[in-house]
Structure formats: C-alpha cells, structure tokens
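# What the coordinates show
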Amino acid sequence: SDSDCGWCSSTNTCMFGGLAGPVRANCSSWEFAFCSGQPCSVYTSCYECVVDPFCGWCSEYTTCMEGTQAGPLFEECPVWEHQTCEIEREAFLRVEKPGSVFGTIKE
C-alpha cells in the first residue's frame, strides 16, 4: 500500500491524502492506513495492527484480532493491546515493567 494514499469507499477510488482526509478532494467515507474490508489477521505486526481502529494486538500469541479497547471480540487474549504497542515496544527495547510478561533483564 502507498503511504501517501487512502481509500475513499464512497467513490471506490484511491486518492492522494493523509490521516485527515484526501488532498484537494472530498470524501464522505475515508480510510487511511487500514482497510475496513480486510480481516485483522492480515496485519503481521503490532504497529500495523493497532492503526486499524477495529483491531488489537494479542502479544501473548503475536496475532492481530478484531476487537475494541475492552478486548478481542471473538477470541481470548491474556495480553491485549489496542491503539498502542507499549508491551511490544518494551520487549523490543528489552525494558521490563512490574508485571511484564517478558523475562527479567540481568544487568
């Protein structure tokens, strides 16, 4: 997908634009950085997943699932992230917070 384009589902066209909407055009149903017609399982990273407002990242299973801030809609997930990737970021940076699901870093 092109990072400078979004999908206008009201006209069924890809348009140049950003998060706020298309540039020099009107669109009543704008999608940018996600496609509502695709299942959440198409996203392979937390950061791709949480951009879609209808998805969340299950860190425990490294899987993107349909869900809301409250949790996944159709599956169980003990470690849920919606709209952020704080747990994934911590793992990447190898930082541990109290109660983290990742191992202790030895200094």
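Above this text you will find the structure in question.
This is a predicted model, so every value here is computed, not measured. (Residues numbered from 1 in each chain as written. Predicted model: local features only at pLDDT ≥ 70, side-chain atom pairs only at ≥ 80, totals over all residues. Heavy atoms only, no water.)

### What about the overall build of the protein?
Broken down by element type, the protein carries two helices and eight strands. Listing each helix as α and each strand as β along the protein from the N terminus yields β-β-β-β-α-β-β-β-β-α. Here the protein, with 107 residues, has 32% of them falling under the buried criterion. Counting only contacts in the protein whose residues sit at least 6 apart along the sequence, the fraction spanning at least 24 positions is 20%. Put simply, the protein shows about 7,300 Å² of open surface, and 54% of that area lies on carbon and sulfur atoms. (Helix = DSSP H or I, 4+ residues; strand = E, 2+ residues; numbered from the N terminus. Buried < 20%, exposed > 50% of the residue type's maximum accessible area, 1.4 Å probe, protein only. Contact = heavy atoms within 4.5 Å. Areas by Shrake-Rupley, 256 points an atom, 1.4 Å probe, with all protein chains shown as cover.)

### Thoughts on the state of the cysteines
Summed over the entire model, instances satisfying the criterion amount to five disulfides. With its bonded cysteines labelled in order along the sequence, the protein shows the pairing 1-2, 3-6, 4-10, 5-8, 7-9. (Disulfide = S-S within 2.5 Å.)

### Looking at the pairing of strand β5 (residues 55–58)
With burial as the criterion, each face of β5 is covered, one bearing Cys-55 and Trp-57 and the other bearing Gly-56 and Cys-58. Strand direction decides the pairing type here: β5 and strand β6 (residues 63–68), joined by four bridges, are antiparallel. Residue pairing for β6: Cys-58 is matched across the bridge by Thr-63. Counted along the chain from β5 to the antiparallel partner β6, the turn is four residues long, and its residue Thr-62 has a positive phi close to 45°. Note: β5 against strand β8 (residues 80–81), two bridges, orientation antiparallel. (Pairing = 2+ DSSP bridges.)

### A look at the sheet that holds strand β7 (residues 71–72)
Read across the sheet, four strands follow the order β7-β6-β5-β8 without closing on themselves; strand pairing throughout is antiparallel. Pairing within the sheet leaves two strands with one partner each, and these edge strands are β7 and β8. Across two bridges, β6 lies against β7 in antiparallel orientation. Within β7, the position partnered with Gly-67 by the bridge is Pro-72.

### Concerning the nonpolar core
Listed in full, the nine residues of the largest apolar core are Cys-40, Tyr-43, Cys-46, Cys-49, Val-50, Cys-55, Trp-57, Cys-64 and Cys-85. Elements that contribute at least two residues to this core include exactly α1 (46–51) and β5. Considering each element in turn, this core owes the most residues, three residues, to α1. Not counting chain neighbours up to four residues away, the residues in contact with Val-50 comprise Trp-57, Glu-81, His-82, Gln-83, Thr-84 and Cys-85. (Core = buried A, V, L, I, M, F, W, Y, C linked by side-chain atoms within 4.5 Å.)

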